[in-house]
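# Reading the structure
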Amino acid sequence: MLGLSNLMPIIILGLSCAFFVMARSKATAVSNGIPSSLHSRPNYHGTLSFLWVLLLGIATYLILLIFGSWFVTGSLLSQIKAANPSLADIQAQLVLSDAKAISEGRAASSVDDLRETIAGDYSSLSNLHNWSMVLIPLALSILGGLFQFTRITTEWRARNKSERIISSFLFVCAAIAVLTTIGIVLSLIFETMNFFSNIGWRVDKYIFGTEWSPLAGVHSGTMDPDRVGAIPLFVGTMLITLIAMIVAVPIGLMAAIYLSDFASAHVRAWAKPMLEILAGIPTVVYGFFAAITLAPAIRGWGEAIGLSVASESALAAGVVMGIMIIPFISSLSDDVINAVPQSLRDGSYGLGATKAETIRQVVLPAALPGIVSAVLLGVSRAVGETMIVVMAAGQGANLTVNPLEAVTTVTVQIVMLITGDTEAETAAGPAFTLGFTLFCVTLLLNIVALRIVRKYREAYD
Amino acid sequence: MAQEVSEKQMKITARGVDVFYGEAQAIKQVDVDIEDHAVTAFIGPSGCGKSTFLRCLNRMNDTIDICRVTGDIRLDGNDIYDPNIDPVQLRAQVGMVFQKPNPFPKSIYDNVAYGPRIHGLTASKSELDGLVEWALTRAGLWNEVKDRLDKPGTGLSGGQQQRLCIARAIAVQPTVILMDEPCSALDPIATATIEELIDELRTKFSIVIVTHSMQQAARVSQKTAFFHLGDLVEFGDTNDIFTSPRDERTQNYITGRIG
């Protein structure tokens, strides 16, 4: 019986298809061979029946699946409690799981009369539950399908009805995405509040403190507000972001200028996709490239000229991150530079300006808002980037602006907290707080970037 | 021939000009003389090659990869397609105004000062100020914008933008101004203003104007060239072209039967 109730979604789907075909042929039949006499095309009649059968069946199936098992467990637990009021909740649960094991023929931790009785009740109840999960959805969906079937006439507005159902379904999908976002943000906020209450609301210590070692005192059960200063992480993040942008912005921008104004159509046709392939390389690959190839090379060069370079340096991580961001900036900038109307270039050439003057004084200023927003989006990528810095930047919270030393970033510390040995509940506080900080910064950057882009669009469309 | 005698006063002479876009020939063996201090109008139906030919006169076609120009075009007797001629310097002498007003996304002042700055025409800020004022005045825009020179040129109305583009072109002190349907994006009142301006500018510059409107050609020009399917069908005094066209195709076009 268990098998049949698990197959119900497929059975309902099959049923819906059958009703689709039936409704469509009935609609064709009532048209008497004059298709234009129907208000809605036969396919819409079919679709409406299909949706009714499918949604009724699936909805009742899901309701019975969730509330049925909740009801079975609840009623059995209360039966156990009634038979033996001295049992604690957890013990009652144990009795129930033993009873389930007995009824399914598996080994139980112990067997007694109560367990045997409950096992019997359980098997009859779950049998009932399984049957109800098969029969009720089946009955309801068939009834729904027949109801729709009887409504098919030439005047019946099946198209409007089915379109309304579909648009509600689309709304639900959009709502899921939005609600998920809201849920994540709320959980970030609550965990952050929780963390701040653990350190006695010393938010200033978090924002301005210079020592980051949040888990140092957890064995004594408290967090030390003096050791949750995130400044070293902020500085590390900014240092690496800065290095990345120093690499990515000039190269990306100049590549974009070349592609849009100098490259022939032929070169552009293969160079642009090649650049975009760079964006498709997984960041973990960049990460071990930085850690295994570039970082030792930088240390080697540094030592050759007498500098001491850490084997995990901000420079290596930043340079590789910059390379990762190049296609991002070049591709976006290329789009905005191309969006500068040819008429502006012509106007400049027509005044006797050279190509260089035209690009520097007309094209780039016109494209500047778009370029700025491309750079800001690049920055938000850099701030949130994780794999490269985990592998190549180092783990110790080290307050320095020397690019040759190891630094750590906000994202690295989140990884360390969550994947470390400390139990998740304790580590979650600082991790969520860092995540929330990161979220605020990237959100701000994205908002600013999008605003600039929108302003720019208004000027040229 | 009479042409030989008058060649001295001609600003631009074109002989046997062919233009190809890839394999397709857009202009076939065109001979035209552009008089100094006069307005020459190019008319003809869409796609007849009048704009293409106009763009040969300041080598704007160079920016199109597949475009090839042959023949002889001389400005003040010098071959402008000579390898020694720099198109950038040529375009400083032969200014251009486009169909759609295309002010740069800069202030009104900077729009006009753009050309003088890149060509180093002025030695001081006050001299540049004077040149900008002169150009805007010549373009009939000074009184309307003198209080907001630092505002963006894109904020002006269409007709004002087009006059700004004319001011921008004359600020470079060219001797010839090419206008490619300068009024086609403007309303009748702005068009009338520009037409008056063109008539006035004739005293200092040679003007070549491409236009779709035969009335406009009749109103502003002294010479008219009628193009049809890449051929220069007829070229002569505007009065003659409109009152007694010699070619049947010209007759048909100006009476509205083709086009």
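Note that this is a predicted model, so its numbers are computed, not measured. (Residues numbered from 1 in each chain as written. Chains lettered and ligands numbered in written order. Predicted model: local features only at pLDDT ≥ 70, side-chain atom pairs only at ≥ 80, totals over all residues.)

### Observations regarding the overall build of chain A
To keep things clear, this is the line we draw: Each helix is a run of H or I in the DSSP string that is no shorter than four residues. Each strand is a run of E no shorter than two, and both are numbered from the N terminus. The reference for a compact globule is 2.2 Å times residues^0.38; the radius of gyration itself is calculated from the C-alpha atoms. To assign burial, the other C-beta atoms lying within 10 Å of each residue's own C-beta are counted, with C-beta atoms placed from the backbone; 20 or more indicates buried, 12 or fewer indicates exposed, and intermediate counts indicate partly exposed.
Looking only at helices and strands, chain A features 16 helices and zero strands. A compact globule built from 461 residues should have a C-alpha radius of gyration of about 23 Å, whereas chain A, at 32 Å, is more than 25% larger. Taken along the three principal axes of its C-alpha coordinates, chain A extends 85 × 80 × 40 Å. Each of the 461 residues in chain A was classed as buried or not, and the buried ones make up 39%.

### Observations concerning the overall build of chain B
As a reminder of what qualifies: Any residue pair is listed as a contact if its two C-beta atoms, each placed from the backbone, are within 7 Å.
Scanning chain B from N- to C-terminus turns up 11 helices and 10 strands. Scaling as 2.2 N^0.38, a compact globule of 259 residues should have a C-alpha radius of gyration of about 18 Å, and chain B matches this with 18 Å. Summarising its shape, the C-alpha atoms of chain B cover approximately 55 × 45 × 35 Å along the three principal directions. Residues classed as buried in chain B amount to 46% of the 259 residues present. Contacts in chain B between residues far apart in sequence, at least 24 positions, make up 68% of those at least 6 positions apart.

### A look at the packing of helix H3 (residues 42-83) of chain A against helix H5 (residues 113-150) of chain A
All names here are of chain A. What counts here: Lines fitted to C-alpha atoms define the axes here, with helix axes fitted over just the stretch in contact, and angles between the N-to-C directions of these axes take values from 0 to 180 degrees. Here the word oblique covers every angle except those under 35 degrees (roughly parallel), over 145 (roughly antiparallel) and from 65 to 115 (roughly perpendicular). Throughout, a crossing is termed right-handed when the near helix is turned clockwise from the far one, and left-handed when it is turned anticlockwise from it by less than a right angle. Basically, the charged four are Asp, Glu, Lys and Arg, the nonpolar ten are Ala, Val, Leu, Ile, Met, Phe, Trp, Tyr, Cys and Pro, and anything else, Gly included, counts as polar.
For the pair H3 and H5, interaxial distance at closest approach is 8 Å and the crossing angle is 160 degrees. Viewed along their axes, H3 and H5 adopt a mutual orientation that is roughly antiparallel. The chirality of how H3 crosses H5 is right-handed. Residue composition of the contact of H3 with H5, grouped by class: 20 nonpolar, 13 polar and one charged.

### A closer look at the interface of chain B and chain A
The extent of an interface is frequently quoted as the accessible surface area lost upon association of the parts. Listed as interface residues are 24 residues of chain B and, on the opposing side, 16 residues of chain A. Going through the elements one at a time, helix H3 (87-93), strand S6 (94-97), helix H4 (108-119) and helix H7 (158-170) of chain B are the ones with two or more residues in the side of chain B that touches chain A. Looking at the side of chain B that touches chain A residue by residue, the class counts come to 12 nonpolar, eight polar and four charged.

### Considering the nonpolar core
All names here are of chain A. Stated precisely, the cut-off is as follows: Joining buried Ala, Val, Leu, Ile, Met, Phe, Trp, Tyr and Cys residues through C-beta atoms within 7 Å gives a set, and that set is a nonpolar core.
With 140 residues, the main nonpolar core has Ala317, Val320, Ile388 and Ala392 as its most contacted residues. It is helix H11 (residues 314-339) that provides the largest number of residues to this core, a total of 16 residues. With sequence-adjacent residues up to four places away left out, alanine 317 is seen in contact with Ile240, Ala290, Ile388, Val389, Ala392 and Ala393. With 21 residues, the next largest nonpolar core counts Ile12, Phe20, Ala23 and Phe50 among its residues.

### Points about helix H13 (residues 355-384) of chain A
Applicable threshold: In a helix, the anticipated span is given by 1.5 Å times the number of residues less one. Bend at a residue means the angle formed by two fitted axes: the first through the 7 residues ending at that position, the second through the 7 residues beginning there.
Helix length check: H13 of chain A, at 30 residues, gives a terminal C-alpha distance of 38 Å against a target of 44 Å (1.5 Å per residue), a shortfall beyond 12%. Where H13 of chain A bends most, the angle comes to about 55 degrees, and this point is leucine 368 of chain A, followed within four residues by the proline proline 369 of chain A.

### Concerning unusual backbone geometry
Located in the positive-phi region is aspartate 76 of chain B, a residue other than glycine, with phi close to 50 degrees. Relative to the assigned elements, aspartate 76 of chain B resides in the loop between strand S4 (67-75) and strand S5 (78-79).

### Things to note about the domain arrangement of chain A
Going by this rule: Domain delimitation in this document rests on an assignment produced automatically or drawn from a domain database.
By domain assignment, chain A separates into domain 1 (2-156) and domain 2 (230-460). Just the C-alpha atoms count here: the centres of domain 1 of chain A and domain 2 of chain A sit 52 Å apart.

### Considerations on the packing of helix H12 (residues 342-350) of chain A against H13 of chain A
Residues and elements named next belong to chain A. Their axes nearest at 10 Å, the elements H12 and H13 cross at an angle of 155 degrees. Between H12 and H13, the angle is such that the two are roughly antiparallel. In this structure, the crossing between H12 and H13 has a hand that is right-handed. Together, Leu344, Arg345, Ser348 and Tyr349 of H12 and Thr358, Val362, Val363 and Ala366 of H13 make up the contact between the two elements. Tallied by class, the residues present in the contact of H12 with H13 amount to five nonpolar, two polar and one charged.

### Let's talk about the environment of glycine 200 of chain A
Residues and elements named next belong to chain A. Relative to the assigned elements, glycine 200 resides in the loop between helix H6 (158-198) and helix H7 (203-208). By the C-beta count within 10 Å, which is 11 here, glycine 200 ends up exposed. Considered as a pair, glycine 200 and methionine 223 are 23 residues apart in the sequence and their alpha carbons are 9.2 Å apart.

### Notes on the confidence of the model for chain A
Operational definition: The predictor attaches a confidence to each residue, called pLDDT, with possible values from 0 through 100.
In this model, chain A carries a mean pLDDT of 89, and residues with pLDDT of at least 70 account for 97%. Ranking the elements of chain A by mean pLDDT puts helix H1 (residues 2-6) of chain A last, at 76, and helix H8 (residues 231-262) of chain A first, at 94.

### Brief notes about the confidence of the model for chain B
Averaged over all residues, the pLDDT of chain B equals 90, while 96% of them reach at least 70. Quick note on the complex model: pTM equals 0.77, ipTM equals 0.89.

### Quick word on the environment of threonine 237 of chain A
All names here are of chain A. Relative to the helices and strands, threonine 237 resides in helix H8. Here threonine 237 falls in the buried class, since 27 other C-beta atoms lie within 10 Å of it. The sequence separation of threonine 237 and threonine 411 amounts to 174 residues, and the corresponding C-alpha distance is 8.4 Å. Apart from the residues lying within four places of it in its own chain, the contact partners of threonine 237 are Val383, Thr409 and Val410.

### Let's talk about H7 of chain B
An ideal rise of 1.5 Å per residue puts 18 Å on 13 residues; H7 of chain B measures up with 19 Å between its terminal C-alpha atoms. For H7 of chain B, the buried fraction is high: 12 of the 13 residues fall into the buried class.

### Things to note about the environment of arginine 151 of chain A
Residue and element names in this part refer to chain A. As for its placement among the helices and strands, arginine 151 is situated in the loop between H5 and H6. On the basis of neighbour count, arginine 151 is assigned to the partly exposed category, with 15 C-beta atoms found within 10 Å. With 59 residues separating them along the chain, arginine 151 and alanine 92 place their C-alpha atoms 52 Å apart.

### A closer look at the pairing of strand S10 (residues 231-237) of chain B
Residues and elements named next belong to chain B. We apply this condition: Strands pair, by our definition, only if DSSP identifies at least two bridges between them.
Inspection of the sheet shows strand S9 (residues 223-228) paired to S10 by six bridges, in the antiparallel sense. Paired with histidine 228 across the bridge in S10 is aspartate 231. Joining the antiparallel neighbours S9 and S10 is a turn of two residues, in which leucine 229 adopts a positive phi near 50 degrees.

### Considering the pairing of S6 of chain B
Two faces belong to every sheet, and in a regular strand the side chains alternate between them. Residue and element names in this part refer to chain B. Taking every second residue as pointing to the same face, both faces of S6 are buried, with Val94 and Met96 on one and Gly95 and Val97 on the other. Pairing geometry for S6 and strand S7 (residues 176-180), over four bridges, is parallel. Across the sheet, the residue bridging to methionine 96 is leucine 178, located in S7.

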